[in-house]
Amino acid sequence: MSKTVTDAIKDRRSVRKYKDVEIDPEKVRKCIENATLAPNSSNMQLWEFIHITDKKILKKIAYACFNQNAAKTSKNMVVFVARRDKWRSRAKENLNFLENLFDKQEKEGIDVKKRRILSRRYYKKIMPTIYSDFFGIIGIYKKLLSYIIGLFRPIYREVLFSDLKVVTHKSVALAAENFMLSMNEIGYDTCPMEGSDTTRVKKILNLPRKAEITMIISCGIKDKKGIYSPRFRVSFDEVYKRV
Ligand SMILES: Cc1cc2nc3c(=O)[nH]c(=O)nc-3n(C[C@H](O)[C@H](O)[C@H](O)COP(=O)(O)O)c2cc1C
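Calculation criteria
- Residues numbered from 1 in each chain as written.
- Predicted model: local features only at pLDDT ≥ 70, side-chain atom pairs only at ≥ 80, totals over all residues.
- Heavy atoms only, no water.
- Helix = DSSP H or I, 4+ residues; strand = E, 2+ residues; numbered from the N terminus.
- Buried < 20%, exposed > 50% of the residue type's maximum accessible area, 1.4 Å probe, protein only.
- Polar contact = N/O pair within 3.5 Å; in protein donor to acceptor, adjacent residues only side chain to side chain.
- Contact = heavy atoms within 4.5 Å.
- Domains from an automatic or database assignment.
- Buried area = accessible area lost by both parts, 1.4 Å probe.
- Salt bridge = Lys/Arg side-chain N within 4 Å of Asp/Glu carboxyl O.
- Nonpolar A, V, L, I, M, F, W, Y, C, P; charged D, E, K, R; others polar.
- Near = heavy atom within 4 Å.
- Areas by Shrake-Rupley, 256 points an atom, 1.4 Å probe, with all protein chains shown as cover.

Enquirer: What is the right way to read the side chain of R116 from this model?
Expert: Residue position: R116 is located in helix α6 (residues 113-131). The exposure class of R116 is buried, given its relative accessible area of 10%. Polar contacts involving the side chain of R116 include one to the side chain of E106, which spans 3.2 Å. Excluding residues within four positions of it along the chain, R116 makes contact with E99, F102, D103 and E106.

Enquirer: So what exactly am I meant to see when it comes to the domain arrangement of the chain here?
Expert: The domain boundaries assigned to the chain delineate domain 1 (5-85 + 178-229) and domain 2 (87-162). A buried area of about 860 Å², summed over both sides, lies between domain 1 and domain 2, and 45% of it is on carbon and sulfur atoms. If you sort the residues of domain 1 by the area they bury against domain 2, S42, M44 and R84 come out on top, with a joint share of 63%. In this assembly, domain 1 and domain 2 are joined by zero salt bridges. On the surface where domain 1 and domain 2 come into contact, there are seven residue pairs in polar contact (both at pLDDT 80 or more). Of the residues belonging to the side of domain 1 that touches domain 2, the class tally is three nonpolar, four polar and three charged.

Enquirer: In this structure, what is going on with the site of the ligand? I would like to understand it.
Expert: Every residue near the ligand is listed here: R12, R13, S14, R16, Q68, C191, P192, M193, E194, G195, R231 and R233. Here R13 contributes a side-chain N or O atom positioned 2.7 Å from an oxygen atom of the ligand. The contact in question runs from a nitrogen atom of the ligand to an N or O atom on the side chain of Q68, over 2.8 Å. When the ligand sits alone it has 620 Å² of accessible area, and the protein chains cover 67% of it. Residues of the shell around the ligand, tallied by class, amount to three nonpolar, three polar and six charged.

Given below as structure tokens:
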């Protein structure tokens, strides 16, 4: 019987040393496909996954990760990249998908007029309002506006350039967790790393200036000394609040 989600959640650990055994990049690719199924803000999918299998590039990236063991001994790496700059094309693709769906449903006699109007407004007006900015200036104007409107009714407030950074990285991080759990399910181990020189990593991978690295995940099969200590979490009562 295969592992349950709970099994994978409990079994996954951050592995700092991998065995000198190759892993199958095709299986890793499948886990990256699972990463793309993660929930994400407005389904904008502002992400990109760079799967590194080339030994020379792995070595360069490990150096950019300060040669930490989790990087140095890994067999594949996946760089989770936030691509906020792709908002225009992603909004367009979402709307195309929905328009095609509504065309089909209309032919089947389903009334989609209202949903079509709402979808168009969402991806043609709301998304550009949220994502467009000019050196952070429009963001400040939007923040002020949301503050004033917010005095009278609930309003979306994550409109600053820095807020959108958080919004985008949040979704990429969810994809990263999907990936790590999928890897655990098939008996592969991982370590998420933010300890890296992201400027160097971007340069090695030829990533555009606006791309931002959420984390790099090293992959392999854990060595018997690969887990440094038993798992520690603060008491559940300290973090759990029921209201
Ligand atoms: C965003 C993020 C960045 C991390 N960066 C590193 C890192 O650079 N190097 C490292 O060895 N572990 C890194 N970790 C792993 C954490 O130290 C680890 O998840 C934590 O100690 C809990 O252990 P566990 O994952 O085995 O449950 C990172 C984890 C996350 C989520």
